[in-house]
Every structure is written in C-alpha cells, then in structure tokens.
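Listed here are the chains, written in short residue letters.
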Amino acid sequence: MPPLFDWEFAADPYPAYAWLREHAPVRRTELPSGVEAWLVTRYADARQALADQRLSKNPGHHSERSAHGKGKVGIPGERSANLMTHLLNIDPPDHTRLRRLVSKAFTPARAAEFEPRVRELTDQLIDGFAARGEADLIHEFAFPLPIYAICDMLGVPAEDQDDFRDWAGMMLRHHKPGQPGPPRGGVGRAVKKMRNYLAELIHRKREKPGDDLISGLTRASDHGEQLTENEAAAMAFILLFAGFETTVNLIGNGTYALLRNPGQRAELTRAVEGGDDAALATAVEELLRYDGPVEMATWRFATEPLEIGGERIGEGDPVLVVLAAADRDPAKFDRPDVLDLGRRDNQHLGYGHGIHYCLGAPLARLEGRVALESLLRRLPDVRLAADPSELRWRGGLIMRGLRQLPVQFGAVGGAGTRRAESL
C-alpha cells in the first residue's frame, strides 16, 4: 500500500487512491491526528454512504476509542466557540428544520443575482496585478475573491471585511508568501473572534435589517419557527467557512489543471471568446471532478453496525467518504485520469450527495465560472512560473488546495483606475 498523508501524497494523492479502490476500497486507517476512520474510495460505495442516514453527522456519535484522537473531528475551535449547531453537524429532524429555514434566505436565485458583484470583484483583483506581468493567483486572486464576495452577501460592512480576511487566513493557515504562518492556536482564536463578531452583527441586523443574507437568516420563518441567535451565528459561520475555502480551491485547482493541460485550455479560451456559456459551465463541472476542492466529505459516524463495500463498520466508527477517489473511479468515468472539459453526463460527487448536498454549490459554481472566464479573457497567455514539483499543497483531510500558484503573463493595462486596494 502506498503511504498516505505525507507531502508526496498531498501533492498527488490519486495513485494511492487508485490502489485503495482496487485493493481496499473500504479501509480502516489511522489518520495523522490519531483518529482511526474508515476511508471509502469507490464511487458506488461513496454515493451509498453519502445518502445513508445510519451515518450521522453529529460528532456526539463518535466512539472516541482512542484517547489520542479524542475531540479531533470537525472544524478546529467550533466546539469551544459554541458554533456546533450548523448543517454539517446535525441530522434530521433538526437538519431538516434548519436547512428549510436557511434555504429561504440562501436561494440559488439570490446567488445568481450576485453575479454582477462577483464580476466587479474579479476585475478589481485582476487590475491589481495585470500590469506587473506576474502574480500569485492564490494569494492575490483565488483567496480574496470568495472572502469579499461572501462578506458582501452576508452583509459584513466594508470597513470590517479586512478583519474577516485575516481571520479566514488564520483558519486556512494561509499567509502572504515570505511571511511567517499564523501562530500556534491561531485557528481557534480566529474562530472565536469570528463568532463574537457574527453574534454582534446578527444582533444589529435584527434591530435594523437590510437586503443581505444575515438579515434574511434572522427573518426566515416556517410555521412560526425561526433560527435562534446561536443557530444564525453557526449558520453564518459555516456559510463563510465552507463557502470561501471550497471556492479558493476550485479557482486554484481549476486554474492549475488548465495550465497543465494547454490543449484543453486553448479550447476553453476559444469558447470563452465566443461567448459559449454552456461550454464554460461544462468545463467547471469537469474541473470539480478532476481535481475538486473537497478531497473528503466531512465526518460521518455510524449510529449502528452496518456494512459498506463488504466491510463491517462498528457503531461509533468515523467514516470519511473520499470524493477525490470516487470521482476518479474507472467503473463510473471513462478515462478518469484525463481532463476532458467537454465531458458529458458528469455525475461527480464534488459537492456531495443526498440531504447534505452543499447548500452553497450554486454560489461556488458562479464564482468559479466568473473567475476562470475573466482569467482566460484578460490574461490569455498566462503560464505557470514554477516547476510543478516546487508547488506545495495545504495539509489537512477535508479540503484540497494549493498554497501558492505563481504565474507569468504579458503585462496588460488595467480596466480602469480600480485597484485591488480599493476593495
């Protein structure tokens, strides 16, 4: 069996996942944290597990047999910050109630209406580096775009958005190249600061609502039921946390895949220049399948003994569905290791499946589509400015994303006087 969870694996986990699919498609593995969990790697098993309600999202069902692994599931700091009551941690009927209430405020139509603002942000960010002829597309583009977008959608005032960017950077352990990373324990502190800020903002929005997502969350009601202030804070937090990191990785991984596949990129560039929106949307789906932003679905815990792929899962056992492995399964996809931007019938699991399908998927797709379209249109000669072996990927189980993506291109003038600093 190839080694798992080292730096070589982080750079390219797909050979190891291919071995697991063939030889041990459901395998109990000790994770770097010390937690022992079952990894599910085949598409059919993954799809079944994602929809199996015997696999709970509530960390309270974790047996925690290992003292070393105790409390090491979920988002760091969310328990101490009292942010556990969100859609990634609860089951029906509470999940059904919360999702119904949140869906009233966070609709696909609301995401679609946000497209002009996403385009404006995208152009502002590109204006900030277009004249230089080089950039780090993670730090200067893929990271700030979804932060500012989700802050605008939530209703975070412009003067507070840089604080959110700093907190988000600590949560992702993202920092400007050449500068030291966040201090030890910085993730938990960032989560608490964000929690306190969101509680205060929700209180203000209840007194003076606006046309923003947090105001919508505070107004949402169903048969007289409303979100409590703690539920609203937890939901705003998870929309921010899940919403920005997945989009950072979609833009970063997607751009990297295009740079490594020049023929496919050339075809997509022609489609963009021709205004072929359908081809662009199809390409985004393939990028989600090929090297998607979410490597493993968030934690699940068996509420009773059950079987997946012929293996007996014990009550309380953690289960991690490996989306990256399932979406490269040759039993489901033709030539799965080949990037095919015209791939049809692409039923990938990039945003999950079943009742926990990602609520923010429409917004993430919109941001990914607009970002890639703008890059191809404005920087058609963009090229990788480092050897692929020099690139580093962020550690962690759930998400998959690059730390940096240095590129070069022919310097071009900005679209006007707008600068990234004006954000």
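None of these values were measured; they are calculated from a predicted model.

Overview of the overall build of the chain
Line of reasoning, step 1. The secondary structure content of the chain amounts to 16 helices and twelve strands.
Line of reasoning, step 2. Counting contacts in the chain only where the partners sit at least 6 residues apart, residues at least 24 apart contribute 73% of the total.
Line of reasoning, step 3. Summed over its atoms, the accessible surface of the chain is roughly 17800 Å², and 48% of this surface lies on carbon and sulfur atoms.

A look at the side chain of His 348
Line of reasoning, step 1. With respect to the helices and strands, His 348 occurs in the loop between α15 (323–326) and α16 (361–378).
Line of reasoning, step 2. Within polar-contact distance, the side chain of His 348 engages the side chain of Glu 285 at 2.7 Å.
Line of reasoning, step 3. Apart from the residues within four sequence positions on either side, His 348 is in contact with Glu 285, Leu 288, Arg 289, Asp 327, Phe 333 and Arg 365.

Section: helix α2 (residues 14–23)
Line of reasoning, step 1. The complete set of buried residues in α2 reads Tyr 14, Ala 16, Tyr 17, Leu 20 and Arg 21. Projected onto a plane normal to the axis of α2, the buried residues spread over an arc of 155 degrees and lie on a single side.
Line of reasoning, step 2. If you follow the buried residues of α2, they end up packed against α1 (7–11), β1 (26–30), β2 (36–40), α14 (277–291) and α15.

Quick word on the pairing of β1
Line of reasoning, step 1. Here β1 pairs with β2 via five bridges, running antiparallel. Bridge pairing in β2 places Thr 29 opposite Ala 37.
Line of reasoning, step 2. Between the end of β1 and the start of β2, which pair antiparallel, lie five residues, with Gly 34 showing a positive phi angle near 100 degrees.

Thoughts on the packing of aromatic side chains
Line of reasoning, step 1. Enumeration over the complete set of coordinates arrives at ten aromatic pairs.
Line of reasoning, step 2. On the numbers, 5.6 Å between centres and 85 degrees between planes, the contact of Tyr 43 with Phe 333 is edge-to-face. Taken as a pair, Tyr 43 in helix α3 (residues 43–51) and Phe 333 in the loop between α15 and α16 lie far apart in primary sequence, 290 residues in all. Take Tyr 43 and Phe 333: they sit in the same class, and that class is buried.
Line of reasoning, step 3. Here the aromatic rings of Trp 299 and Phe 301 are separated by 6.3 Å at their centres, their planes lie at 5 degrees, and the arrangement is stacked. Each member of the pair, Trp 299 as well as Phe 301, carries the same accessibility label: buried.
Line of reasoning, step 4. Connected via pairs of aromatic rings, a cluster forms that spans Phe 5, Phe 9 and Tyr 17.
Line of reasoning, step 5. A cation over an aromatic ring shows up here: Arg 289 above the ring of Phe 333, its NZ or CZ 5.4 Å from the ring centre.
Line of reasoning, step 6. Its guanidinium or amino end placed over the ring of Tyr 14, Arg 328 lies 3.7 Å from that ring's centre, counting from NZ or CZ.

Side note on the packing of helix α12 (residues 229–260) against α14
Line of reasoning, step 1. Closest axis-to-axis distance for the α12/α14 pair is 10 Å, and the angle between their directions is 95 degrees. By the angle between their directions, the pair α12 and α14 is classed as roughly perpendicular. Between α12 and α14, the contacting residues are Leu 250, Asn 253, Gly 254, Ala 257 and Leu 258 on the first element and Leu 287, Leu 288, Tyr 290 and Asp 291 on the second.

A short note on the sheet that holds β1
Line of reasoning, step 1. Strand order across the open sheet formed by five strands is β1-β2-β10-β7-β3, with mixed pairing between neighbours. Each edge of the open sheet carries a strand with a single partner, namely β1 and β3 (55–56).
Line of reasoning, step 2. Bridging between β2 and strand β10 (residues 318–321) involves three bridges; their strand directions are parallel. Within β10, the position partnered with Trp 38 by the bridge is Val 319.

A few points about the confidence of the model for the chain
Line of reasoning, step 1. Averaged over every residue, the pLDDT of the chain is 86; residues scoring 70 or more account for 87%.
Line of reasoning, step 2. Throughout residues 66–70 the model reports pLDDT below 50, and contacts reaching past four residues in sequence, or to other chains, amount to eight contacts.
Line of reasoning, step 3. Segment residues 415–423 is flagged for pLDDT under 50; beyond a separation of four residues in sequence, or across chains, it makes 17 contacts in the model.

Re the pattern of salt bridges
Line of reasoning, step 1. In total, this model carries 19 salt bridges according to the counting rule given.
Line of reasoning, step 2. Where Arg 365 meets Glu 285, a salt bridge forms, and the shortest distance between an N and an O atom there is 2.6 Å. One end of the pair, Arg 365, is in helix α16; the other, Glu 285, is in helix α14, and 80 residues separate them in sequence.
Line of reasoning, step 3. By relative accessible area, which is 21% here, Arg 365 ends up partly exposed.
Line of reasoning, step 4. Under the relative-accessibility criterion, Glu 285 is labelled buried at 18%.
Line of reasoning, step 5. The shortest N-O distance in the salt bridge between Glu 286 and Arg 343 comes to 3.0 Å.

Some thoughts on the nonpolar core
Burial of nonpolar side chains together is a common tendency in soluble globular proteins.
Line of reasoning, step 1. Counting residues in hydrophobic clusters, the biggest one holds 74 residues, and the most contacted among them are Phe 141, Phe 164 and Leu 405.
Line of reasoning, step 2. By residue number, the principal contributor to this core is α12, which donates 14 residues.
Line of reasoning, step 3. Every residue in contact with Leu 405, bar those within four places of it in the chain, is listed here: Ala 135, Asp 136, Leu 137, Ile 138, Gly 252, Thr 255, Tyr 256, Leu 259, Leu 384 and Leu 391.
Line of reasoning, step 4. Grouped together as the second largest cluster of nonpolar side chains are 41 residues, Phe 9, Leu 20, Ala 24 and Trp 299 included.

Thresholds applied
- Residues numbered from 1 in each chain as written.
- Predicted model: local features only at pLDDT ≥ 70, side-chain atom pairs only at ≥ 80, totals over all residues.
- Heavy atoms only, no water.
- Helix = DSSP H or I, 4+ residues; strand = E, 2+ residues; numbered from the N terminus.
- Contact = heavy atoms within 4.5 Å.
- Areas by Shrake-Rupley, 256 points an atom, 1.4 Å probe, with all protein chains shown as cover.
- Polar contact = N/O pair within 3.5 Å; in protein donor to acceptor, adjacent residues only side chain to side chain.
- Buried < 20%, exposed > 50% of the residue type's maximum accessible area, 1.4 Å probe, protein only.
- Arc of directions from axis to C-beta.
- Pairing = 2+ DSSP bridges.
- Phe/Tyr/Trp six-rings, centres within 6.5 Å; stacked < 30°, edge-to-face > 60°.
- Lys NZ or Arg CZ within 6 Å of the ring centre and 35° of its normal.
- Axes fitted to C-alpha atoms, helices over the stretch in contact; angles between N-to-C directions.
- Parallel < 35°, antiparallel > 145°, perpendicular 65-115°, else oblique.
- pLDDT = per-residue confidence, 0-100.
- Salt bridge = Lys/Arg side-chain N within 4 Å of Asp/Glu carboxyl O.
- Core = buried A, V, L, I, M, F, W, Y, C linked by side-chain atoms within 4.5 Å.

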